[in-house]
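Remarks on the overall topology
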Amino acid sequence: MRRGLLVVISGPSGVGKDTVIHRLLDLDPNLVYSVSGTTRMPRPGEKPDANYTFLSRDEFEKLVAQGAFLEHATYNGNLYGTFRDRVEKTRDQGRDMVLKIDVQGAEQVRRLMPDAILIFVVAPSENELRERQEKRGSESAEDLASRRRIAEREMTQASHYDHVVTNDDVERAAAEILDLIRRARASQT
Ligand code: 5GP
């Protein structure tokens, strides 16, 4: 059986990664989303173990000490990490794992797993990104401002990724990513 691919998706806060990934998973049942652990508080509507596994800092740090995370990073004051066992199990089953992680996490994955496919999602313009960030409205003004500063830094990292996909339209962006995944599958065999 072929081993599942590792597909890393990064991009600035508010670019629409969640929506694109949601559509991507609908389009292809062989894709599995990697539910990360985080110390961030749940946003309204977020479900434990579906969006994230919500952890206390203490629980997170214990898991780090046990080597439970493939990679982990601090983003805007909170810890986020990819569960190693979830990724391994899925890939061993021949299914492809989709990770939504920040640029620090992507850097770690690239080093550990050079065959991972790294995709950076961008907005069609800076103005559009600003509007999307404001529309989301799930963060405090302070949180939004610091996410924006991080986003500016993250944008400078786009050239380190294998592919840059513009989220001008969710359907089109998801189809473009799926096409990249299908090509990678085809070259595996
Ligand atoms: P949010 O708080 O908006 O859900 O996520 C904030 C940032 O953390 C996003 O850039 C998201 O991609 C990233 N992130 C989510 N899960 C992980 C993870 O497991 N590892 C790393 N390194 N970043 C993550």
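To be clear, the structure that these remarks concern was listed above.
Summarised in this report is the structure supplied together with it. (Residues numbered from 1 in each chain as written. Predicted model: local features only at pLDDT ≥ 70, side-chain atom pairs only at ≥ 80, totals over all residues. Heavy atoms only, no water.)

**Overview of the site of the ligand**
Rule in force here: Proximity is defined per residue: any heavy atom of the residue falling within 4 Å of a molecule or strand makes that residue near it. Here a polar contact means two N or O atoms within 3.5 Å. Within protein one must be a hydrogen donor candidate and the other an acceptor candidate, and residues neighboring in sequence count only if both atoms are side-chain atoms. When residues are grouped by polarity, Ala, Val, Leu, Ile, Met, Phe, Trp, Tyr, Cys and Pro land in nonpolar, Asp, Glu, Lys and Arg in charged, and all others, Gly among them, in polar.
Around the ligand lies a shell of 16 residues, among which Ser36, Arg40, Tyr52, Glu71 and Tyr80 are the nearest. Within the contact set of the ligand, an oxygen atom lies 2.6 Å away from a side-chain nitrogen or oxygen of Ser36. Tyr52 has a polar side-chain atom sitting 2.6 Å from an oxygen atom of the ligand. Residue composition of the shell around the ligand, by class: 5 nonpolar, 4 polar and 7 charged.

**Examining helix α4 (residues 103-112)**
Residues spaced three or four apart along an α-helix point in a common direction, a consequence of the helix completing one turn every 3.6 residues. Operational definition: Throughout this description, buried means an accessible area under 20% of the type-specific maximum (1.4 Å probe, protein chains only), exposed means over 50%, and partly exposed covers the range between. Under the DSSP-based scheme used, a helix requires at least four consecutive residues in state H or I and a strand at least two consecutive residues in state E, with every element numbered from the N terminus. It is the directions from the helix axis to the C-beta atoms whose arc is reported. The contact definition used throughout considers only heavy atoms, calling two residues in contact when any of these lie within 4.5 Å.
Looking at α4, one finds that the buried residues are Val103, Gly105, Ala106 and Val109. All buried residues of α4 fall inside an arc of 150 degrees around its axis, so they share one side. α4 presents Arg111 and Leu112 as exposed residues on the side facing more than 90 degrees away from its buried surface. Contact partners of the buried residues in α4: β1 (6-10), β5 (69-75), β7 (96-100), β8 (117-122) and α6 (141-155).

**With respect to the packing of aromatic side chains**
Just so we agree on the cut-off: A pair of Phe, Tyr and Trp rings is counted when the ring centres sit within 6.5 Å of each other, with Trp represented by its six-membered ring. The angle between the planes then sorts it: under 30 degrees is stacked, over 60 is edge-to-face, the rest tilted.
Scanning the model with the defined rule gives 6 aromatic pairs in all. Cluster of aromatic residues (ring-pair linked, three or more members): Tyr52, Phe54, Tyr75 and Tyr80.

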